[in-house]
Amino acid sequence: MTVKISHTADIQAFFEQVAGLGQAEGNPRFKQIMLRVLQDTARLIEDLEVSEDEFWHAVAYLNRLGGRNETGLLAAGLGIEHFLDLLQDAKDAEAGLTSGTPRTIEGPLYVAGAPLSEGDARMDDGTDPGVVMFLQGQVFDADGQPLAGAIVDLWHANTQGTYSYFDSTQSDYNLRRRIVTDAEGRYRARSIVPSGYGCDPQGPTQECLNLLGRHGQRPAHVHFFISAPGHRHLTTQINFAGDKYLWDDFAYATRDGLIGDLQFVDDAAAAHNRGVQGERFAELAFDFHLQAAKAPEAEVRSHRPRALQDNGASMG
Ligand code: FE
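Along every chain, residues carry numbers that run from 1 in the direction the sequence is written. Per-residue local features of the predicted model are confined to residues with pLDDT of at least 70, and side-chain atom pairs are confined, for both listing and counting, to 80 or more; whole-chain, interface and lining totals are unaffected and use all residues. Side-chain metrics in this entry use all non-hydrogen atoms of the structure; hydrogen atoms and water are not considered.

Q: Which residues make up the overall build of the protein chain, and what values go with them?
A: Regarding its fold elements, the protein chain presents seven helices and twelve strands. Seen through its principal axes, the protein chain has C-alpha atoms that stretch 80 × 45 × 30 Å. Within the protein chain, the proportion of its 316 residues that are buried is 43%. Only heavy atoms enter the contact rule, under which two residues are in contact if any of them lie within 4.5 Å. For the protein chain, contacts bridging at least 24 residues in sequence account for 69% of all contacts bridging at least 6. Only the protein chains shown count as covering a residue, and every accessible area follows the Shrake-Rupley method with a 1.4 Å probe. Accessible area of the protein chain: about 16900 Å², with a carbon and sulfur share of 54%. His is not counted here, nor are the chain ends, while Lys and Arg score as positive and Asp and Glu score as negative. Note on charges: their place is set at NZ of Lys, CZ of Arg, CG of Asp or CD of Glu. The centroid of the 27 positive side-chain charges in the protein chain is displaced by 2 Å from the centroid of its 44 negative side-chain charges. Each helix corresponds to a stretch of at least 4 residues labelled H or I by DSSP, and each strand to a stretch of at least 2 residues labelled E; elements are numbered beginning at the N terminus. Each residue is placed in one exposure class: buried if its accessible area under a 1.4 Å probe, protein chains only, is under 20% of its type's maximum, exposed if it is over 50%, and partly exposed if it falls in between.

Q: Talk me through the sheet that holds strand β8 (residues 234-240); I want residue IDs and the actual numbers.
A: At least two bridges found by DSSP between two strands are what make those strands a pair. Taken in spatial order, the six strands make up an open sheet running β1-β5-β4-β7-β8-β9, and their pairing is mixed. Two strands close off the open sheet at either side, each with one partner strand: β1 (116-118) and β9 (259-260). Note: strand β4 (residues 151-156) against strand β7 (residues 221-227), six bridges, orientation antiparallel. Paired with Asp153 across the two strands is Phe225, which belongs to β7.

Q: Pulling in residues and values, what's your account of empty space enclosed by the protein?
A: Cavities and pockets were defined on a 1 Å grid built from protein atoms only: a cavity is a group of points that admits a 1.4 Å probe but offers it no way out, a pocket is an open group of points flanked by protein on both sides within 12 Å along at least five of seven lines, and a lining residue is one with an atom within 4 Å of any such point. Grid points are joined across faces, edges and corners, and a volume is the space filled by probe spheres set on the points. Per the stated rule, a full pass over the model turns up one cavity of 30 Å³ or more. Quantified by volume, the largest cavity comes out at close to 120 Å³. Gly107, Pro108, Leu109, Arg218 and His223 are the residues nearest the centre of the largest cavity, which is lined by 15 residues in total. Among the secondary structure elements, those contributing two or more residues to the lining of the largest cavity are α4 (71-77) and β7.

Q: Lay out the coordination of the iron ion in plain terms, naming residues and giving numbers.
A: Note that water is not among the atoms used; donors are N, O and S atoms within 2.8 Å of the metal (3.2 Å for Na, K and Ca), so sites may look incomplete. Distances from the iron ion to its protein donors, namely Tyr163 (OH), His221 (NE2) and His223 (NE2), fall within the range 1.9 to 2.1 Å. Of note, the donors binding the iron ion are all from one chain and are spaced Y-x57-H-x1-H. Here the residue Tyr163 occupies a position in the loop between β4 and β5 (176-180), and His223 occupies one in strand β7, the gap between them amounting to 60 residues. Note on His223: relative accessible area 4%, which makes it buried.

Q: So, the pattern of salt bridges: which residues are in play, and what are the values?
A: Salt bridges, as used here, are contacts in which a Lys or Arg side-chain nitrogen is within 4 Å of a carboxyl oxygen on Asp or Glu. Using the criterion set out here, one finds 16 salt bridges in the structure. Arg122 serves as the salt-bridge partner of Asp124, at 2.9 Å between the closest nitrogen and oxygen.

Q: How would you explain the domain arrangement of the protein chain if you had to name every residue and give the values?
A: In terms of domain boundaries, the protein chain breaks down into domain 1 (1-50) and domain 2 (73-299). Placing the centre of domain 1 and that of domain 2 at their C-alpha centroids yields a distance of 41 Å. In this document the domain limits rely on a domain assignment from an automatic tool or a database.

Q: If you had to explain the nonpolar core to someone new, which residues and values would you point to?
A: Ranked by size, the top nonpolar core spans 28 residues in total, and within it Leu135, Phe224, Phe240 and Phe288 carry the most contacts. Among the elements of the structure, β3 (132-140), β4, β6 (186-192), β7, β8 and β11 (280-285) are those that each provide at least two residues to this core. With 16 residues, the next largest nonpolar core counts Leu73, Ala76, Leu109 and Phe250 among its residues. Residues enter a nonpolar core if they are buried and are Ala, Val, Leu, Ile, Met, Phe, Trp, Tyr or Cys, with the set joined through side-chain atoms within 4.5 Å.

Q: I'd like a rundown of the side chain of Arg177, residues and numbers included.
A: Tracing the sequence through the fold places Arg177 in strand β5. Within polar-contact distance, the side chain of Arg177 engages the backbone oxygen of Arg122 at 3.1 Å. At 2.8 Å, the side chain of Arg177 and the backbone oxygen of Tyr173 are in polar contact. In this structure Arg177 touches Ala114, Pro115, Ala121, Arg122, Met123, Val152, Asp153 and Leu154, once residues within four positions along its chain are discounted. Pairs of N or O atoms within 3.5 Å make up the polar contacts considered here, provided that, within protein, one atom can donate a hydrogen while the other can accept it, and that residues adjacent in sequence are counted only when both atoms are side-chain atoms.

Q: Lay out the environment of Trp247 in plain terms, naming residues and giving numbers.
A: Relative to the helices and strands, Trp247 resides in the loop between β8 and β9. Accessibility expressed as a relative area gives 56% for Trp247, which makes it exposed. Considering only alpha carbons, one finds Trp247 and Arg218, 29 residues apart in sequence, at a separation of 9.2 Å. When neighbours within four sequence positions are excluded, Trp247 is seen to be in contact with Thr254, Arg255, Asp256 and Ile259.

Pasting the structure below:
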């Protein structure tokens, strides 16, 4: 018979003491959350009869996870990051804020402070032999008018599926740029076609996924932060049509309205005209539609801790 004690007054009082409820010092919000973590952890242990071995395996796992900086990756893989999007969508629906390009997860691999340029940028450092990709589009406001001066902050993986900064073999800010839209709200980038991302097969995130019987692969994709004064910050991604993982993304980032149709062109003359060696390149057009910001806080991205400096501002 399952023995349960977590509901008793003694144990509840004990958890309240542990969570610092009787202490004048500390942070009330944090105490509230910690109390709930303790209560729910105790219930989980009781209800599922978690053994001591299972519990201490989980503790060791969390140490490995943090030691490898993969906690953000696991949050994506367990769909918590996607859940946050779904919850925000539901709040938006309640508030009547449903227009514009859909949001989707940021993922853990953004690096603040990428080079900023006007209108267009070359994103790759020329060392990756991937197919050249020309990416372009327009940013529009809620009334469908082109938005000049918006910042398109974009980042993607190389042909190995790895990201600069986290992959020390790549140059600084390779495949990461911020582009200010021109008078027609347009941005243009030359880069290389990225490959899909895969979790480190030896890492703790994949270790967890293995126990769930799941793979750790993402379709090829490009991440975006889009921001402009007076407009709501947008965190989103374009995932590529035709990728085998498009609707089987371990991070659940693919959404209707966020699928990019990459067009490959095999034309030596056209390639030459565009400064491409060989005869093959790819084109991708994608526009973004922003909502008006209801308050100044809505103009900036979340204050999630990120690699390198991040003052929380998305404008510069
Ligand atoms: Fe990514």
